[in-house]
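# Observations on the three-dimensional arrangement
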Amino acid sequence: MFLAFAVLVAIEVPIAFALAASAVVWLTLESPIPLTIVVQRMASGLDSFPLLAIPLFILAGSLMNRAGLAARIFAFALSLFGHVRGSLAHVNVAASIVFAGMSGVAQADAAGLGTVEIRAMRKAGFDPAFSAAVTAASSIIGPIIPPSVIMVIYAVLAQVSVADLFLAGILPGFLMGALLMALIYWLARTGRITAPTLPRASIGEVGTTFVRALPALLAPVILVAGLLSGAATPTELGAVTVAYAMVVGFAQRELTFRKLHLCLVETGITTGVLVFIIAAAVPFGWVVSVNNLPAALTSTLLGISDNPYVILFLVNLLLLAAGLVMETTAILLIAVPALLPLALALKIDLVHFGIIMVLNLLIGATTPPFGVILFIMMDIARISFAQMVRAMLPFYIPLVAALLVVTFWPDLVLFVPRLIGG
């Protein structure tokens, strides 16, 4: 089955078809179970209320983009950080942190806010490849700070609380932003990049951009407040965020019915792709389970060491390697059923384990040769793949550093969920 999957991926068969077809190959050759089990498993795998959050958060992010709120966030961040050494590169990271509270998909951050960021950085004199690399690195903060579509998928697979996962991502997200900004400051201070600084904004300019950006800034506040208070489930908060984005967009006369239609179309396409991959992965995961692969993998790794930190280090290496050759969602759907028994055997908190997995896979989305965010950035910045990869190299240092801190300091990840949940 895995051989069939590898061959199909190598010849560029879409991931969803490759997953389903490889399960069919195994059932045909190795099992007396009828092929109808594939369809049955696909249907039952989507019968989950938390999955409703996926289209809602995707739609909310699309509405924020189309309503011009991304540009207002960028303008506010510019007034705060434009004069700091590193200038618009810091603004890029800060804007991504704020926008992370509205868009649960890294690709949405990269394609939406990234367009505004790269255009401004190029106009200010930054190297196009460096601008694209900063945007790629900062865009993966989006699915770490809530909301997060990939966390919803993990929560459904691992049967853990979506709210706990969202809360657990807050501090790691800010840590990633701080480490990226530290690297940018060092690169600018040592002259390794050309980073023109802007005059310090006046108090009045900061106030004006803050007022203009306030409706956008309130969206993540509403979401986090809802999570902290327990007033609503993440799925319900997704619906609230969509309604809020529509009201703000129409009130500011930047969202039209034509733009709303485009948002709905974008959401339908993105959701359809994600949900189809999820459905196709369910029979694949079922075959893995019935063949006791998770137990065999657990036994093998525990034979190497029973130290949880050694095992987590090995899991990091495994997931980072998988990220080089596979799409993020597909890896998650295969890896969670395989690695969950290992986490349970070592008594690793499943929320902590989820954040580790998500961060690994997001870093994979920025690594060659198949990192989807690299291709989005290449298209926006109009640079070659070689230029994109070379510019990204320094940014793997803070990203991997954040991964190591998250892996070996579980209290950082679990502090907010424990604080709220007692």
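Residues numbered from 1 in each chain as written. Predicted model: local features only at pLDDT ≥ 70, side-chain atom pairs only at ≥ 80, totals over all residues. Heavy atoms only, no water.

## Some details on the overall build of the protein
Threshold: Each helix corresponds to a stretch of at least 4 residues labelled H or I by DSSP, and each strand to a stretch of at least 2 residues labelled E; elements are numbered beginning at the N terminus. Our radius of gyration looks at C-alpha atoms and nothing else; its globule reference is 2.2 Å times the residue count to the power 0.38. With a 1.4 Å probe rolled over the protein chains alone, any residue whose accessible area is under 20% of its type maximum counts as buried; one over 50% counts as exposed, and the rest are partly exposed. The contact rule is simple, with two residues in contact once any of their heavy atoms fall within 4.5 Å. Here, Shrake-Rupley sampling with a 1.4 Å probe gives the accessible areas, and only protein chains in the shown set may cover a residue.
Helix and strand content of the protein: 22 helices and 0 strands. The C-alpha radius of gyration of the protein comes to 21 Å, within 12% of the 22 Å expected for a compact globule of 422 residues. Each of the three principal axes of the protein carries a C-alpha extent, and together these read 70 × 50 × 50 Å. Counting every position in the protein, which comprises 422 residues, the buried fraction comes to 54%. The long-range share in the protein, meaning contacts at least 24 apart out of those at least 6 apart in sequence, stands at 78%. Entry remark: accessible area of the protein is about 17400 Å², with carbon and sulfur atoms responsible for 69%.

## A closer look at helix α19 (residues 372-381)
Of all the residues in α19, the buried ones are Ile373, Leu374, Ile376, Met377, Met378 and Ala381. Just past α19, the residue Arg382 takes up positive phi, approximately 60°.

## Side note on the nonpolar core
Which entries qualify depends on this criterion: Remark: nonpolar core denotes a set of buried residues (Ala, Val, Leu, Ile, Met, Phe, Trp, Tyr, Cys) joined through side-chain atoms within 4.5 Å.
Of all hydrophobic cores here, the largest spans 154 residues; its most connected members are Tyr154, Met388 and Phe395. A total of 12 residues in this core trace back to one element, the largest contributor, which is helix α14 (residues 257-290). Other than its neighbours up to four places away in sequence, Tyr154 contacts Gln159, Val160, Leu165, Leu332, Val336, Leu340, Leu350, Phe353, Gly354 and Met357.

## A closer look at unusual backbone geometry
One can expect most non-glycine residues to show negative phi and most peptide bonds to be in trans. Residue Pro147 follows Pro146 across a cis peptide bond; omega there is 5°. The phi angle at Arg253 is positive, at roughly 60°, despite the residue not being glycine. Looking at Arg253, the relative accessible area reads 77%, which means it is exposed. For Lys347, which is not glycine, the phi torsion reads 60° and is therefore positive. Mapped onto the fold, Lys347 is located in the loop between α17 (328-345) and α18 (350-364).

## Digging into the pattern of salt bridges
What counts here: Only one rule defines a salt bridge in this text: a Lys or Arg side-chain nitrogen within 4 Å of an Asp or Glu carboxyl oxygen.
Taken as a whole and judged by the stated rule, the model has 2 salt bridges. With a shortest N-O distance of 2.6 Å, Arg72 and Glu254 are connected by a salt bridge. In this pair, Arg72 sits in helix α5 (residues 69-81) while Glu254 sits in the loop between α13 (234-251) and α14, placing the two residues 182 residues apart along the sequence. Taking relative accessible area as the criterion, Arg72 reaches 12% and is therefore assigned buried. Between Arg418 and Asp411 there is a salt bridge; the shortest N-O distance is 3.0 Å. Given a relative accessible area of 47%, Arg418 falls into the partly exposed group.

## Notes on a nonpolar patch on the surface
We apply this condition: Residues form patches when they are more than 30% accessible in relative terms and have no salt bridge. Like charges link within 9 Å. Nonpolar side chains (Val, Leu, Ile, Met, Phe, Trp, Tyr) link within 5 Å.
The grouping of Phe210, Val211, Leu214, Leu218, Val221, Ile222 and Val240 at the surface amounts to a nonpolar patch, some 540 Å² of accessible area in total. No other element matches the 6 residues that helix α12 (residues 203-229) contributes to the nonpolar patch.

## Let's talk about the packing of aromatic side chains
To be explicit about the condition: Geometry of aromatic contacts follows a simple scheme: Phe, Tyr and Trp rings, the Trp one being its six-membered ring, pair when their centres are within 6.5 Å, and the pair is stacked under 30 degrees between planes, edge-to-face over 60, tilted otherwise.
If you walk through the whole model with that rule in mind, you get 10 aromatic pairs. Residues Phe17 and Phe276 carry aromatic rings whose centres are separated by 5.3 Å and whose planes lie at 85° to one another, so their mutual orientation is edge-to-face. Linking Phe17 in helix α2 (residues 15-30) with Phe276 in helix α14, this pair joins segments that are 259 residues apart in sequence. Residue Phe276 is classed as partly exposed on the basis of its relative accessible area of 34%. Centre to centre, the rings of Phe126 and Phe130 are 6.3 Å apart; their planes meet at 10°, and the pair counts as stacked. Phe130 shares its class with Phe126; the two are buried. Each member of the aromatic cluster is reached from another via a ring pair, and the members are Phe2, Phe5 and Phe284.

## So, the environment of Pro128
If you trace the backbone, Pro128 turns up in helix α8 (residues 128-139). For Pro128, a relative accessible area of 22% puts it in the partly exposed group. The spatial distance from the C-alpha of Pro128 to the C-alpha of Ile380 is 9.7 Å, given a sequence separation of 252 residues. Leaving out residues up to four positions away in the same chain, Pro128 has contacts with Arg122, Ala381 and Ile383.

## Re the confidence of the model for the protein
Stated precisely, the cut-off is as follows: Scored from 0 to 100, pLDDT records how confident the predictor is in each individual residue.
Per-chain confidence: the protein averages 85 in pLDDT, with 98% of residues scoring 70 or above. Taking the mean pLDDT of every element in the protein, the minimum, 77, falls on helix α7 (residues 106-124) and the maximum, 94, on helix α21 (residues 396-408).

## Thoughts on the side chain of Ser148
We count it as follows: Within 3.5 Å is the distance limit for a polar contact, defined as a pair of N or O atoms, with the added protein rule that one can donate a hydrogen and the other accept it, and that residues adjacent in sequence qualify only through two side-chain atoms.
One can find Ser148 in the loop between α8 and α9 (149-158). Ser148 gets classed as buried once you look at its relative accessible area, which sits at 0%. Separated by 2.7 Å, the side chain of Ser148 and the backbone oxygen of Pro143 make a polar contact.

## Description of the environment of Ala16
The topology assignment puts Ala16 in helix α2. Each C-alpha atom of the pair Ala16 and Leu404 lies 31 Å from the other, and the pair is 388 residues apart in sequence. Sequence-distant contacts of Ala16, that is, excluding residues within four places in its chain, are made with Phe276, Ile277 and Ala280.

## Focus: the packing of helix α3 (residues 36-45) against α14
We count it as follows: Only the contacting stretch of a helix is used when fitting its axis, a line to C-alpha atoms as for every element, and angles between N-to-C directions run 0 to 180 degrees. When an angle is under 35 degrees it counts as roughly parallel; over 145 it counts as roughly antiparallel; between 65 and 115 it counts as roughly perpendicular; any other value is oblique. Throughout, a crossing is termed right-handed when the near helix is turned clockwise from the far one, and left-handed when it is turned anticlockwise from it by less than a right angle. Only Asp, Glu, Lys and Arg are considered charged, only Ala, Val, Leu, Ile, Met, Phe, Trp, Tyr, Cys and Pro nonpolar, and every remaining residue, Gly among them, polar.
The contact between α3 and α14 brings their axes to 8 Å, and the two run at 125°. As summarised for this structure, α3 and α14 are arranged oblique, according to the angle between their axes. In this structure, α3 crosses over α14, and the sense of that crossing is right-handed. Judged by residue contacts, Ile37, Val38, Arg41, Met42 and Gly45 of α3 engage Phe276, Ala279, Ala280, Val282, Pro283 and Trp286 from α14. For the contact of α3 with α14, the per-class residue count stands at 9 nonpolar, 1 polar and 1 charged.

## Thoughts on helix α22 (residues 410-421)
Which entries qualify depends on this criterion: An expected span of 1.5 Å times one less than the residue number is assigned to each helix.
Taking 1.5 Å per residue, 12 residues should reach 16 Å; α22 reaches 16 Å between its end C-alpha atoms and fits that length. Where α22 is concerned, the buried positions are Pro410, Leu412, Val413, Leu414, Val416 and Pro417. Here the buried face of α22 lies against α10 (162-168), α11 (170-189), α12, α16 (308-323), α18 and α21.

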